[in-house]
Amino acid sequence: MSQLKIPVQTVHSGILQENAVMLGDKSMKRLKIPAHGTIQLTFGSFRQEVTVIPVPKSDSLRLNEGLARRLGLRQRLKLNASYSSGSRNLRLGPLIGVLVSRDHPEHPDRVFGQITMFCRELTNACHAQGAYVYFFTPEALESRSTTIQGWVYDEGWRKLSLPVADVINNRLTTRKVENKPSVQHFLADVKSRYGTHFFNEKFLDKTEVFEALAQDPALQRYLPESHALNGFAILKRMCSNYPSVFLKPVRGSLGKGILRISKEDGGGYRLLSTTPLGTRKQSYPSLAKLFASIAPKMKTTRYQIQQGLPLMELGRRPVDFRALVQKNGNGKWGVTSIVARTAGSNHFVSNLARGGTLSTVREAIGKSNLPPGAKESSQVQLPRAALAIARGVETYIPAHFGELGIDLALDQSGRIWLLEVNSKPSKNDNTPLNDQKIRPSVKQMILYCRYLAGL
């Protein structure tokens, strides 16, 4: 199969019919496409038989404006093109779809809220790599439809009718929306009808992850003791085994709703809880009284109880590490980045949403209270642990993931622990957009989409 990146142009209907395309003779020779023959043009789910008209001294592909409209192509751009002589199929793309929770047409500069700048950056990166991306919401889905109403960026956000994408990235932010019948039916339909690849297809919950990874003896060393909190007995046992324990909402994120329980010198127990303003502290004379105070929460929220860890600290503030692990252009896991997160003042969790601050791994470990030998080894071992955990998630949890946010911690001896795995790493706007600068994480995502699509 021959492949190259070619400029795509739209021409007036009077010059070219909708069932024909004009292709530069240089591109035809490189792709090995026979002149004046009939081939199938493919773009995502779109398929049409077209006659190829060679154009001397040109390398571009020219489409009738009606055909371009059906493809959702509005601007002059370059797309990857591959030709299979066996099937006489000219494929463009890949066409990438990103499923987002909501859009805001009334705010044209922030159509997708906090992730708008990420969507722009992804659009720019796709243009650079010969791919094409659009963004759509669950409201745009219709069962058995061959097109989707999606947003593209062309000197402003525009809504167009587009083919179903070759690859879809699930960026839905709530389980409720993800589990809608319309969403699940659509995904099953396009997978079976078009062979569409769909990655990060579901949220993970904390208990599911820890139970899955515990099946692998090589990963057990990273796992703090964790259980589903199903009553007083497990709370009592964990509190007798460890100086402190954490209660984490099984389906929580951004540090919301986390509780920390520790023994007090006088024999009672202290409960710390996260709030937007800082940490709330409460004391109880007995564990039974403490449990009675949190029991109402357990009626509406499932919790995971986890062994408390004596974390590495900076200035008496706990530190953890967020590794972004992504599939690459060969379909293999790689560590794109790791950053250290230090808890904010008056907080016992390090999430940025709770006032945490970022630094490099080297800087954080260098300033830490770790033993000298552990400082050296941990910088090598952290990415290795993140990779091993990503492979474990893929092995033991039956779902397709292309990127994972893996939260790791070092205890004060330098041992690595897993805190959490997130299947929807944040893409919120936290850096100014630079049209010339595209983050490695965005480039890596497109390379994986190209790998999935075979383009």
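Residues numbered from 1 in each chain as written. Predicted model: local features only at pLDDT ≥ 70, side-chain atom pairs only at ≥ 80, totals over all residues. Heavy atoms only, no water.

As named in an unreviewed UniProt entry, the protein is ATP-grasp domain-containing protein, taken from Paenibacillus borealis.

According to the domain assignment, the protein consists of domain 1 (3-92), domain 2 (95-199), domain 3 (216-220 + 311-423) and domain 4 (225-307). Distance between the C-alpha centres of domain 3 and domain 4: 23 Å. (Domains from an automatic or database assignment.)

Topologically, Leu122 is positioned in helix H3 (residues 116-129). On the basis of relative accessible area, Leu122 is assigned to the buried category, the value being 1%. As for Leu122 and Ile397, which are separated by 275 residues in sequence, their C-alpha atoms are 28 Å apart. Setting aside residues no more than four positions away along its own chain, Leu122 makes contact with Val98, Val133, Phe135, Val442, Met445 and Ile446. (Helix = DSSP H or I, 4+ residues; strand = E, 2+ residues; numbered from the N terminus. Buried < 20%, exposed > 50% of the residue type's maximum accessible area, 1.4 Å probe, protein only. Contact = heavy atoms within 4.5 Å.)

A negative phi holds for most residues other than glycine; trans holds for most peptide bonds. Each neighbour pair has its own omega, and for Gly93 with Pro94 the value is 15 degrees, a cis peptide bond. In this fold, Pro94 is placed in the loop between strand E7 (89-93) and strand E8 (95-100). The backbone of Glu155 sits at a positive phi, close to 55 degrees, despite the residue not being glycine. Among the structural elements, Glu155 can be located in the loop between strand E10 (147-153) and strand E11 (157-163). Note on Glu155: relative accessible area 77%, which makes it exposed.

This paragraph deals with the packing of H3 against helix H11 (residues 440-453). Between two packed helices, the angle of one axis relative to the other and the distance separating the axes together describe the packing. Running from N to C, H3 and H11 cross one another at 55 degrees; their axes reach a closest spacing of 9 Å. Between H3 and H11, the angle is such that the two are oblique. At the point where H3 passes H11, the crossing takes the right-handed sense. Taken together, the residues of H11 that come into contact with H3 (itself represented by Phe118, Glu121, Leu122, Ala125, Cys126 and Gln129) are Val442, Lys443, Met445, Ile446, Leu447 and Arg450. (Axes fitted to C-alpha atoms, helices over the stretch in contact; angles between N-to-C directions. Parallel < 35°, antiparallel > 145°, perpendicular 65-115°, else oblique. Left-handed = near helix turned anticlockwise from the far one by under 90°.)

This paragraph deals with the pairing of E11. Taken together, the seven bridges between E10 and E11 define a ladder with antiparallel strand orientation. Within E11, the position partnered with Trp151 by the bridge is Lys159. In this structure, the hairpin formed by E10 and E11 is closed by a connection of three residues, where Glu155 is found at a positive phi of approximately 55 degrees. (Pairing = 2+ DSSP bridges.)

Before going further, it helps to examine the pattern of salt bridges. Here the idea is simple: oppositely charged side chains can pair when their charged atoms come close. Taken as a whole and assessed by the stated rule, the structure comprises 21 salt bridges. Note that Asp407 is salt-bridged to Arg322, the shortest N-O span being 2.5 Å. Of the two residues, Asp407 is situated in strand E24 (residues 403-410) and Arg322 in strand E21 (residues 317-327); the sequence distance between them amounts to 85 residues. Across this residue pair, the class does not change: Asp407 and Arg322 are buried. (Salt bridge = Lys/Arg side-chain N within 4 Å of Asp/Glu carboxyl O.)

Here the focus is the nonpolar core. With 47 residues, the main nonpolar core has Ile33, Leu41, Phe43, Leu63, Tyr132 and Phe136 as its most contacted residues. In this structure Phe43 touches Leu71, Leu73, Leu79, Leu92, Gly93, Leu95, Tyr132 and Pro163, once residues within four positions along its chain are discounted. (Core = buried A, V, L, I, M, F, W, Y, C linked by side-chain atoms within 4.5 Å.)

This next bit is on helix H5 (residues 181-194). Helix length check: H5, at 14 residues, gives a terminal C-alpha distance of 20 Å against a target of 20 Å (1.5 Å per residue), a fit within 8%. If you check which residues of H5 are buried, you get Val183, Phe186, Leu187, Asp189 and Val190. Across the axial projection of H5, the buried residues extend over an arc of 165 degrees, all falling on one side. In H5, the exposed positions that point more than 90 degrees away from the buried face belong to Pro181, His185 and Ser192. Those residues of H5 hidden inside the fold are in contact with E8, strand E9 (132-136), E10, strand E12 (167-171), helix H4 (175-178) and strand E13 (197-199). (Expected span 1.5 Å × (residues − 1). Arc of directions from axis to C-beta.)

What follows covers the sheet that holds strand E17 (residues 269-275). Ordered in space as E14-E19-E15-E16-E17-E18, the six strands form an open sheet in which the pairing is antiparallel. The sheet is open, and its two edges are formed by strand E14 (226-228) and strand E18 (278-284), each paired on a single side. The average angle at which neighbouring strand axes cross in this sheet is 20 degrees, direction not considered. Where helix H6 (residues 206-213) meets the sheet, its contacts fall on E14, strand E15 (244-249) and strand E19 (303-307), and the angle it forms with E19 comes to roughly 50 degrees. Lying over the sheet, helix H7 (residues 232-241) contacts E14, E15, strand E16 (259-263), E17 and E19, oriented at roughly 20 degrees with respect to E19.

As a further point, take the state of the cysteines. As enumerated under the stated definition, the model contains zero disulfides in all. The structure places no disulfide on Cys449, whose sulfur is separated from the nearest cysteine sulfur, that of Cys126, by 7.3 Å. (Disulfide = S-S within 2.5 Å.)

As a further point, take the packing of aromatic side chains. A ring pair, where both rings are aromatic, is described by two values, the distance of the centres and the angle of the planes. Using the criterion set out here, one finds eleven aromatic pairs in the structure. Here the aromatic rings of Phe112 and Trp151 are separated by 6.3 Å at their centres, their planes lie at 90 degrees, and the arrangement is edge-to-face. Taken together, the residues span a long stretch of sequence, with Phe112 in the loop between E8 and H3 and Trp151 in strand E10 at a distance of 39 residues. With a relative accessible area of 5%, Phe112 lands in the buried category. Residue class for Trp151 comes out buried when judged on its relative accessible area of 7%. Relative to Phe136, the ring of Tyr134 has its centre 5.7 Å away and its plane inclined at 45 degrees; by these criteria the two rings are tilted. Its relative accessible area of 0% is what places Tyr134 among the buried residues. Chaining the aromatic ring pairs together yields one cluster made of Phe112, Phe135, Trp151, Tyr153 and Trp157. Here Lys327 stacks its cationic end above the ring of Trp333, 5.0 Å away from the centre of that ring. The ring centre of Phe203 lies 3.9 Å from the NZ or CZ of Lys424, which sits over that ring. (Phe/Tyr/Trp six-rings, centres within 6.5 Å; stacked < 30°, edge-to-face > 60°. Lys NZ or Arg CZ within 6 Å of the ring centre and 35° of its normal.)

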